Amino acid sequence: MEAEHIEVLEFIRQYSPFTELPEEELAVAAQSIEVGYFKAGSQILEHNQQVADLHIIRSGAVEVFHRTGELYNRLSDGGFFAEAGLLRNGRVRYPAHAIEDTLIYFLPGELFNRFYDEYEEFADAVETEDRQRLKRAMRRNQNANDLMSVTIEHLISREPVSISADASIREAAEKMTNEEVSSLLIFDELVSTDEDALPSGVITDKDLRKRVLAVGLADSTPVREVMSTGLVFVEHNQRVFEAMLIMLRRNLHHLPVLKKNRTIGVLSLSDVVRHESKNSLFVVSSIFRQNSIEELATLVPDVQASFVRMVNEDANSRMIGSSMAVIGRSFKQRLLELGEEKFGPPPVPYCFLALGSMARDEQSVVTDQDNAMVLHDSFDPEQHDEYFRQLAQFVSDGLDACGYTYCTGYIMATNPEWRQPLKVWQEYFTRWVDDPTPEALLHASIFFDLEGVWGEIDYAKLLNELVQRKAKRSNRFLAFMARNALNRTPPLGFFKDFVMEKDGKHNNSINIKRRGTAPLADLIRVHSLAIGSRARNSFARLEDVMDANILPPGRGPDLRDALELISMVRIRHQALAIEQGEKPDNNVAPENLSDFERKNLKDAFQILSSAQRYMRFRYPPGAT
């Protein structure tokens with residue numbers, strides 16, 4: 001070996017990932033490396049240019065940037081970059097420039113990829129560094145996009161200002177002026193901010209203008225006569241963008257904020273505006289401005305564009321799933337508004353339910369419609385069902401026109417079986433838990449993820465509480481649910497190769513929903529039911545499960561990472577299809593994934609497989 005190769009060898013053997021290679025491979029690497037020099041301030045890599053080599057810094061310093069221009073990483077001697085492009089499509093993902101005079105070692109991409117494929121420790125070292133960089137990049141990206149990441153609590157700067165419902169309008173106005181606030185929370189009896197009592201109403205500047213001054217109301221009138229009631233509360237740990245979507249959907253400017261059932265402040269629209277960014281889902285406000293199914297259907301491209309924009313701005317699957325679910329619920333709510341305008345007010349109270357991924361806040365841009373109606377117990381089929389049949393059909397047809405296709409299993413409110421009084425639904429749920437037949441288990445896996453989106457939403461709360469109470473007490477039901485959740489297995493063969501679909505149109509692909517996200521959601525649901533969790537979102541359920549310590553050490557974080565990775569592979573696949581003018585679906589062809597994505601996807605499926613084996617052990621058949 002020549003002297004210059006020995007110098008290269010001595011250098012690279014000091015640094016990861018080369019520390020993971022055997023000596024003979026280090027020698028091959030040293031003899032293959034070429035050297036380049038870059039002056040301070042010069043560009044080394046441009047975004048999207050072809051890249052053929054791993055770049056290793058011999059001396060100097062380099063800054064690597066996210067495509068948005070945000071700093072991604074700062075590297076010095078022994079640092080490496082350009083691996084992301086080599087592992088994906090041979091294109092630079094993160095541009096780089098020299099901040100000092102810099103000497104670069106170039107390791108040929110063919111050799112780097114061989115090391116990555118043949119030496120697991122080398123690949124792990126590359127991925128560990130890549131994940132650490134990604135975490136740093138995500139933190140920076142979140143700082144740059146506060147609306148998508150910051151929680152509501154960070155916008156609350158003071159304790160809520162409140163007044164008794166018996167106080168006069170003049171006293172309220174004086175207090176608002178003295179405290180320099182635009183709203184007051186109203187309590188039936190004035191309480192300490194440390195107490196758990198919730199406000200019964202709110203009064204705002206707008207209320208004083210419209211309900212007092214404009215009508216000449218005496219300033220001695222009690223506040224309770226002009227306050228706004230039916231408050232919508234948000235939790236302190238919800239994200240600001242969720243609060244914004246609630247405000248847009250319900251045309252509200254003030255939201256009381258709760259923490260451990262105590263009101264800690266009021267979030268106003270002006271607070272949100274100050275944190276507004278280009279990532280806002282204004283499509284929600286557009287939905288409520290449309291006046292027909294035909295007008296709503298014109299928003300489908302906007303929904304898809306919003307989905308793609310979130311993917312391209314590196315939002316995680318939980319943000320994307322929540323945003324798409326809010327959009328879906330908004331379509332339902334507007335259609336129900338239009339339906340009640342068309343057919344008149346409902347003859348008895350009712351609640352319209354969202355089911356499945358929409359209820360879990362895990363919706364993607366490819367979804368069908370799963371919904372149902374819970375009617376008041378005074379419902380009389382002969383007198384009332386024709387109204388609700390027409391309303392359900394109107395909503396179902398409207399959702400189909402807006403991209404939410406009809407459910408092939410007929411899990412829709414148009415099906416009379418799923419348009420029933422509350423007492424019948426309670427009987428359904430009780431029977432499904434007490435007598436877990438195959439049909440009952442199928443219904444449980446669908447209807448146990450439910451949310452009320454319109455009307456008497458307390459009906460949905462009652463059903464969720466029934467499920468939570470009964471399922472936790474029934475080991476037999478949990479055992480059957482666990483066995484049912486094992487019907488969908490990850491697509492791994494005996495040698496951990498992918499097992500492909502063989503159904504013609506989607507031949508040699510993986511249905512990433514049926515074989516990935518769905519079995520994960522099923523598995524997490526069983527654990528969630530076992531501990532009596534009130535959460536519906538799979539990530540939130542998993543947090544409760546981890547807190548309950550019912551999983552082996554480390555298994556919870558592994559499941560969370562697997563769910564995120566599989567979800568994002570599905571989401572990115574759909575976004576890419578939309579960008580290419582194709583119809584998005586759930587069928588991912590492994591050959592279209594990078595080596596990096598394929599390896600990590602196999603690891604995620606292996607985590608799912610192990611978790612299913614553990615579930616079989618934890619909820620054995622024959623439990624009582």
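Residues numbered from 1 in each chain as written. Predicted model: local features only at pLDDT ≥ 70, side-chain atom pairs only at ≥ 80, totals over all residues. Heavy atoms only, no water.

Asks: Sorry, what's going on with the packing of helix α16 (residues 422-434) against helix α18 (residues 458-473) here?
Replies: Packed helices, taken two at a time, are described by their axes: the angle between them and the distance between them. The geometry of α16 relative to α18 is characterised by a closest axis approach of 10 Å and an angle of 20 degrees between their N-to-C directions. Regarding the angle of α16 to α18, the classification is roughly parallel. In this structure, α16 crosses over α18, and the sense of that crossing is right-handed. Contacts between α16 and α18 involve Leu-422, Trp-425, Gln-426, Phe-429, Thr-430, Val-433 and Asp-434 on the former and, on the latter, Tyr-459, Leu-462, Leu-463, Leu-466, Val-467, Lys-470 and Ala-471. Among the residues making up the contact of α16 with α18, the classes are represented as ten nonpolar, two polar and two charged. (Axes fitted to C-alpha atoms, helices over the stretch in contact; angles between N-to-C directions. Helix = DSSP H or I, 4+ residues; strand = E, 2+ residues; numbered from the N terminus. Parallel < 35°, antiparallel > 145°, perpendicular 65-115°, else oblique. Left-handed = near helix turned anticlockwise from the far one by under 90°. Contact = heavy atoms within 4.5 Å. Nonpolar A, V, L, I, M, F, W, Y, C, P; charged D, E, K, R; others polar.)

Asks: I'm lost on the sheet that holds strand β16 (residues 371-375) in this one. Help?
Replies: Each strand in a sheet pairs with its neighbour through backbone hydrogen bonds, running either in the same direction (parallel) or in the opposite one (antiparallel). In spatial order, the strands read β17-β16-β15-β18; together these four strands make up an open sheet with mixed pairing. What marks the edges here is a single partner per strand, and that holds for β17 (419-421) and β18 (450-455). Direction aside, neighbouring strands of the sheet carry axes that sit 30 degrees apart on average. Relative to the sheet, helix α15 (residues 381-401) contacts β15 (350-355), β16 and β17, its axis offset from that of β16 by approximately 155 degrees. On top of the sheet, α16 reaches β16, β17 and β18; it is set at about 100 degrees to β17, its chief contact. (Pairing = 2+ DSSP bridges.)

Asks: Which parts of the structure should I look at to understand the side chain of His-443?
Replies: Checked against the element boundaries, His-443 lands in helix α17 (residues 438-447). Residues within four places of His-443 in sequence aside, it is in contact with Trp-418, Trp-432 and Phe-448.

Asks: Please clarify how the pattern of salt bridges should be interpreted in this entry.
Replies: Oppositely charged side chains can pair when the atoms bearing their charge come close. Taken as a whole, this structure holds 27 salt bridges when the rule is applied. A salt bridge links Asp-361 to Arg-329, with the nearest nitrogen and oxygen atoms 2.9 Å apart. With Asp-361 in the loop between β15 and β16 and Arg-329 in helix α14 (residues 317-343), this residue pair connects regions lying 32 residues apart in the sequence. The class for Arg-329 is buried, based on a relative accessible area of 7%. For the salt bridge of Asp-434 with Lys-470, the shortest nitrogen-to-oxygen distance reads 3.5 Å. In this pair, Asp-434 is assigned in helix α16 and Lys-470 in helix α18, connecting sequence segments 36 residues apart. (Salt bridge = Lys/Arg side-chain N within 4 Å of Asp/Glu carboxyl O. Buried < 20%, exposed > 50% of the residue type's maximum accessible area, 1.4 Å probe, protein only.)

Asks: Got a minute to help me understand helix α23 (residues 595-618) in this structure?
Replies: One turn of the α-helix equals 3.6 residues, which is why residues spaced by three or four share an orientation. In a regular helix each residue adds 1.5 Å, so 24 residues correspond to 34 Å; α23 covers 35 Å between its end C-alpha atoms and thus fits that length. Buried within α23 are the following residues: Phe-596, Asn-600, Leu-601, Ala-604, Phe-605, Leu-608, Ser-609, Ala-611, Gln-612, Tyr-614 and Met-615. (Expected span 1.5 Å × (residues − 1).)

Asks: Can you walk me through the packing of aromatic side chains in this structure?
Replies: Any pair of aromatic rings gets described here by the distance separating the centres and the angle formed by the planes. Scanning all chains against the criterion turns up 26 aromatic pairs. Taking the centre distance of 6.2 Å and the plane angle of 65 degrees together, the rings of Phe-379 and Phe-388 count as edge-to-face. Of the two residues examined, Phe-379 and Phe-388, each falls in the buried class. With a centroid separation of 5.7 Å and an interplanar angle of 15 degrees, the aromatic rings of Tyr-428 and Trp-432 are classed as stacked. Here Tyr-428 and its partner Trp-432 are both found in helix α16, four residues apart, which amounts to about one turn of the helix. Three or more aromatic residues joined by ring pairs form one cluster here, namely Trp-418, Trp-425, Tyr-428, Phe-429, Trp-432, Phe-447, Phe-448 and Phe-477. (Phe/Tyr/Trp six-rings, centres within 6.5 Å; stacked < 30°, edge-to-face > 60°.)

Asks: Mind showing me how you'd approach the sheet that holds strand β12 (residues 234-235) here?
Replies: Taken in spatial order, the three strands of this open sheet run β12-β13-β14, and their pairing is mixed. Since the sheet does not close on itself, it has two edges, and those belong to β12 and β14 (262-268), each with one partner. The sheet contact formed by β12 and strand β13 (residues 254-259) spans two bridges and is parallel. Bridging across to β13, Val-234 finds its partner in Val-257.

Asks: Would you mind going over the nonpolar core with me for this structure?
Replies: Nonpolar side chains tend to gather and get buried jointly when the protein is soluble and globular. Membership of the largest hydrophobic core comes to 65 residues, with the highest contact counts inside it found for Leu-267, Phe-307, Ile-320, Ile-327, Phe-331 and Met-373. Sorting elements by how many residues they give to this core places α14 first, with ten residues. Residues in contact with Phe-331, not counting those within four places in the same chain, are Ile-287, Leu-296, Leu-299, Val-303, Leu-399, Cys-402 and Tyr-404. The next biggest cluster of nonpolar side chains, apart from the first, holds 63 residues, and it includes Ala-372, Val-467, Ala-562 and Tyr-614. (Core = buried A, V, L, I, M, F, W, Y, C linked by side-chain atoms within 4.5 Å.)

Asks: Explain the side chain of Arg-525 here, please?
Replies: One can find Arg-525 in helix α20 (residues 513-531). Of the residues examined, Arg-525 reaches a relative accessible area of 3% and is grouped as buried. A polar contact of 2.7 Å, which involves the side chain of Arg-525, links it to the side chain of Asp-449. Among all residues touching Arg-525, those that are not within four sequence positions of it are Arg-360, Ser-445, Phe-448, Asp-449, Met-481 and Arg-541. (Polar contact = N/O pair within 3.5 Å; in protein donor to acceptor, adjacent residues only side chain to side chain.)

Asks: Any chance you could explain the packing of helix α2 (residues 23-32) against helix α4 (residues 109-118) here in plain terms?
Replies: For the pair α2 and α4, the least separation of the axes is 11 Å and the interaxial angle reads 165 degrees. Taken together, the axes of α2 and α4 are roughly antiparallel relative to one another. Considering only the axes of α2 and α4, their crossing is left-handed. Of α4, the residues touching α2 (which contributes Glu-25, Val-28, Ala-29 and Ser-32) are Leu-111, Arg-114, Phe-115 and Glu-118. Residue composition of the contact of α2 with α4, by class: four nonpolar, one polar and three charged.

Asks: Is there a simple way to think about helix α8 (residues 205-213) in this case?
Replies: Of all the positions in α8, only Asp-207, Leu-208 and Val-212 are classed as buried. Take α8 and look down its axis: the buried residues cluster within an arc of 95 degrees, on one side only. Counted as exposed and oriented over 90 degrees from the buried face of α8: Arg-209 and Lys-210. On the buried face of α8, the contacting elements are α7 (169-179) and β11 (201-204). (Arc of directions from axis to C-beta.)

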